[in-house]
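Take a look at the letters that make up each chain.
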Amino acid sequence: MYYGALVELGRSCFTMTVSEQRILKSFRLLSTDAKELYLRSAVPVVDSPVSPLEFYRDWVAPNLPVLIKGAVNTWPAIRKWNVQFFRDFLGKKLVTVAVTPNGYADAIVTGSGEPSSEYFVTPDERVMLMSEFLDALENNDQYPGVFYIQRQNSNLTKDFPELVTDVGRDVPWATEAFGCEPEAANIWMGDKRAVTSMHKDPFENIYCVVSGYKDFILHPPTDRPWIPYKKFPLARYKEISPGIFDIIPCGNVQRNNNNSDSEKENPQHSYCNDCPGAATASSEVCSKEKALHNSFELIHNNLGEESDLSDGFVNYLSKLEIDDCVKAESKVLYKMYVNEHKVKTTSHGGPCQVCNKENYKQTLTLSDDEDGCQDASQTSSHSLSASIVPWICIDPLSPDFASYPQYRNATPIRVRVEAGDVLYLPSLWFHHVQQSHACIAINYWYDMQYDLKYAYFQFLESLVMKS
Ligand SMILES: O=C(O)CCC(=O)C(=O)O
C-alpha cells in the first residue's frame, strides 16, 4: 500500500509489509538522488539570448526549468499591451472569460450541501465584450466573481488573431530546439485572485510574461510519490443571481471522494472486457473512454468528417448547441485524454496500458469496430457517470500536512516571472500559478517527446498507484 495512504490510515511503518517498506525506501532514494544529482533548490536564471543548442542541451534534455530574463523584451506587445490598449483596440470584441466566486477554476471546492462534498469544479464560462471584462478587472469590488481569460484552446491564435503579430506564432529559438511548431499558443489575462491549481501537463511550456508578473510553485516529476491525488465528481460553477454561485454536479456523478492514489483502495479501477478481472470490475477506464468516445461522436456527428479531434477540440465544443455541463465534462475528459493517453495517438502508437491491446490508437478515433474497450463500456453505464476527475488534493499555499504528511517530503520551488521574462517549464513538472492584477501572459505548448523520461514517469506513476 502507498505510504501516504498508510499514514492516513494511521498505520505506522512497523505495520508495513517488507515490500511496502522497500517501495517507500525507493521513493525516498529517488527524491534524494534527484536532489543530490541534478535538481536545484531554485530555478536558475540566465540572460537572453539563449542559443537553441544551449537551451536544448542545458535545460530541455535534463528536463530542468530555467528563467530566461528579458527573452521577449523585444516583442512589440511589451510596450503596447496594457488595459488601455485592450480597451481601445479590442473593446468591442467578444471574449470568453472564466468566472468563479473565488478565483479557483478547475480546482477542488467543497460544496455547501449536506453532507458537504468536494467537487472538481470548472468555471462559469461567459462570453462578454472585452470592455466589460476590463471593467470587471478595473473595478473588481463592483463585479461579483473573479474574471480570468484562460481558455487554453490556443486562444491566442484562435480567439485573438489580431494580437499575434505583437508576439509571434512561436518563440523561434524554442521552435528550433524542440524541432516543431507549438501545438498551442494561449493568452492569459485576469484578476490577481485567479489561481491555477497544481497540475502537470504533457507539454514543454514556454511561458512568457508581457505585463505584471506570475508566481509559480513547481515540483519536479520525481516528487510524484509525495503529491496526493484523489478522485472528485465533476461540477461547474453557475452564477444563479449576482454574486451567488451554485456548484452544479455534472451528469450522474458518483460521490467517491475517498478514492486516493492507491488502486487497491479503488476497486473501480479496472480493465477492458478482455482483461483479467474485467468480469468483476466496473470499468472506470473504459467508461471514461466511452464518455470521451461519445463526446467525440457528438462532435463528429455535428461537424462531419473534417472534424480533427486533436485540433481545436474545445473550439468545436464551444460551437455546439449542447448543454454547458456536457461541454464542461467534455473539456475535462479531453484534458484527461491528452494527459493520460496522448502517447497512444502519436505516430508510434503503442498498446493499451490497461489491456496491452495493439492498435489502441484507433480506440479514441471514433472507430467503433476497433474499440477495444467498447464491450466493457457498453456493459458499464456510460451516460455521464464517468464524471470523476483525478486531481491533486493538496494546496501548496497551505498544505494540509495532517491529512497528507507525505507532502513534507516534496520539494516546492518558487519562481517569479516578470514582464519580458520567459520561464521554460519542462513537461511533467507540477505547477501552481498566481499572478499580479491584470497580468498578461502568453504561453506556447510544444509537444513533449515520449521518450525514456516519459516511460520512467509512467513507471513511477504506476508504482505509486499500485503500491
Ligand atoms: O498562468 C496560469 O494561470 C496557468 C498556466 C499553466 O498552467 C500552464 O501554462 O500550463
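The structure presented is a predicted model; accordingly, all values stated were derived computationally and were not measured. (Residues numbered from 1 in each chain as written. Predicted model: local features only at pLDDT ≥ 70, side-chain atom pairs only at ≥ 80, totals over all residues.)

Engineer: Explain the overall build of the chain here, please?
Structural biologist: Helix and strand counts for the chain stand at 13 helices and 19 strands. Burial analysis of the chain (467 residues in total) assigns 43% to the buried set. By sequence separation, contacts in the chain at least 24 residues apart represent 78% of the contacts at least 6 residues apart. (Helix = DSSP H or I, 4+ residues; strand = E, 2+ residues; numbered from the N terminus. Buried ≥ 20, exposed ≤ 12 C-beta atoms within 10 Å, placed from the backbone. Contact = placed C-beta atoms within 7 Å.)

Engineer: Help me out: how do you make sense of the pairing of strand β13 (residues 229-241) in this one?
Structural biologist: In the sheet, strand β6 (residues 118-122) pairs with β13 via three bridges, with the strands oriented parallel. Following the sheet pairing, Thr-122 is matched in β13 by Arg-236. Where β13 meets strand β15 (residues 388-392), five bridges bridge the pair, whose relative direction is antiparallel. In the strand pairing of β15, Tyr-229 is matched with Ile-392. Note that β13 and strand β14 (residues 244-249) share six bridges and pair antiparallel. Looking at β14, one finds that Ser-241 is bridged to Ile-244. As consecutive antiparallel partners, β13 and β14 are separated by two residues, and within that stretch Gly-243 has a phi angle of approximately 85°, a positive value. (Pairing = 2+ DSSP bridges.)

Engineer: Is there a simple way to think about the sheet that holds strand β16 (residues 413-418) in this case?
Structural biologist: Each strand in a sheet pairs with another by means of backbone hydrogen bonds, the pair being arranged parallel or else antiparallel. Strand order in the open sheet formed by five strands is β4-β10-β18-β12-β16, and the pairing between neighbours is mixed. Each end of this open sheet is capped by a strand with a single partner; those strands are β4 (104-105) and β16.

Engineer: Can you help me understand helix α3 (residues 52-60) in this one?
Structural biologist: Among the residues of α3, Phe-55, Trp-59 and Val-60 are the ones counted as buried. Taken around the axis of α3, the buried residues stretch over an arc of 75°, which confines them to a single face. Facing away from the buried surface of α3 by more than 90 degrees, the exposed residues are Leu-53 and Arg-57. Those residues of α3 hidden inside the fold are in contact with β2 (66-69), α8 (172-178), β11 (203-211) and β17 (422-425). (Arc of directions from axis to C-beta.)

Engineer: Hey, could you run me through the packing of helix α5 (residues 83-90) against helix α6 (residues 130-138) in this one?
Structural biologist: Helix-helix packing is described using two parameters, namely the angle between the two axes and the distance between the axes. It is at 9 Å that the axes of α5 and α6 come closest, and there the two elements cross at 160°. One way to sum up the angle between α5 and α6 is to call them roughly antiparallel. The interaxial crossing formed by α5 with α6 has left-handed handedness. On α6, the residues touching Val-83, Phe-86, Arg-87 and Leu-90 of α5 are Met-130, Ser-131, Leu-134, Leu-137 and Glu-138. Counted by class, the contact of α5 with α6 contains six nonpolar, one polar and two charged residues. (Axes fitted to C-alpha atoms, helices over the stretch in contact; angles between N-to-C directions. Parallel < 35°, antiparallel > 145°, perpendicular 65-115°, else oblique. Left-handed = near helix turned anticlockwise from the far one by under 90°. Nonpolar A, V, L, I, M, F, W, Y, C, P; charged D, E, K, R; others polar.)

Engineer: Where do I start with the environment of Cys-208 in this structure?
Structural biologist: With respect to the helices, strands and loops of the structure, Cys-208 is situated in strand β11. Its 27 C-beta neighbours within 10 Å are what place Cys-208 among the buried residues. Taking the C-alpha atoms as reference, Cys-208 lies 9.9 Å from Asn-73; in sequence the two are 135 residues apart. Sequence-distant contacts of Cys-208, defined by excluding residues within four places in its chain, comprise Val-72, Val-422, Ala-441, Ile-442 and Asn-443.

Engineer: Would you mind going over the sheet that holds strand β1 (residues 45-47) with me for this structure?
Structural biologist: The strand order β1-β2-β17-β11-β19-β9-β8-β3-β7 describes an open sheet built from nine strands, whose pairing is mixed. In this open sheet, the two strands that pair with only one neighbour each are β1 and β7 (124-129). Sheet twist, expressed as the average angle between the axes of neighbouring strands with direction ignored, equals 25°. Sheet topology places strand β8 (residues 146-149) next to strand β9 (residues 184-190); two bridges connect them, and they run antiparallel. When the sheet's bridge partners are listed, Ile-149 is paired in β9 with Met-189. Sheet strands in contact with α6 are β3 (94-100), β7 and β8, and its direction is about 110° off that of β7.

Engineer: For this particular structure, what's the right way to read the site of the ligand?
Structural biologist: Close to the ligand lie Trp-188, Thr-196, Asp-201, Asn-205, Tyr-207, Lys-214, His-431, Val-433, Ala-441 and Asn-443, which account for all nearby residues. For the shell around the ligand, the elements supplying multiple residues, two or more each, are β11, β18 (430-435) and β19 (439-447). Per-class residue counts for the shell around the ligand are four nonpolar, four polar and two charged. (Near = placed C-beta within 6 Å.)

Engineer: What am I meant to see in unusual backbone geometry here?
Structural biologist: In terms of backbone geometry, most residues other than glycine have negative phi values and most peptide bonds are trans. Of the consecutive residues Ser-48 and Pro-49, the connecting peptide bond is found in the cis state with omega at 0°. Mapped onto the elements, Pro-49 comes out in the loop between β1 and α3. Phi at Asn-63 takes a positive value of approximately 55°, unusual for a residue other than glycine. On the secondary structure map, Asn-63 appears in the loop between α3 and β2. For Gln-152, which is not glycine, the phi torsion reads 60° and is therefore positive. Residue position: Gln-152 is located in the loop between β8 and α7 (155-159).

Engineer: Would you mind showing me how to read the pairing of β19 here?
Structural biologist: Looking along a regular strand, one sees side chains alternate from face to face of the sheet. Taking burial as the measure, the nine residues of β19 include eight buried ones, the bulk of the element. In the sheet, β9 pairs with β19 via seven bridges, with the strands oriented antiparallel. Paired with Ala-184 across the two strands is Trp-445, which belongs to β19. As paired elements, β11 and β19 share eight bridges and run antiparallel to each other. The residue of β19 that forms the bridge with Cys-208 is Ile-442.

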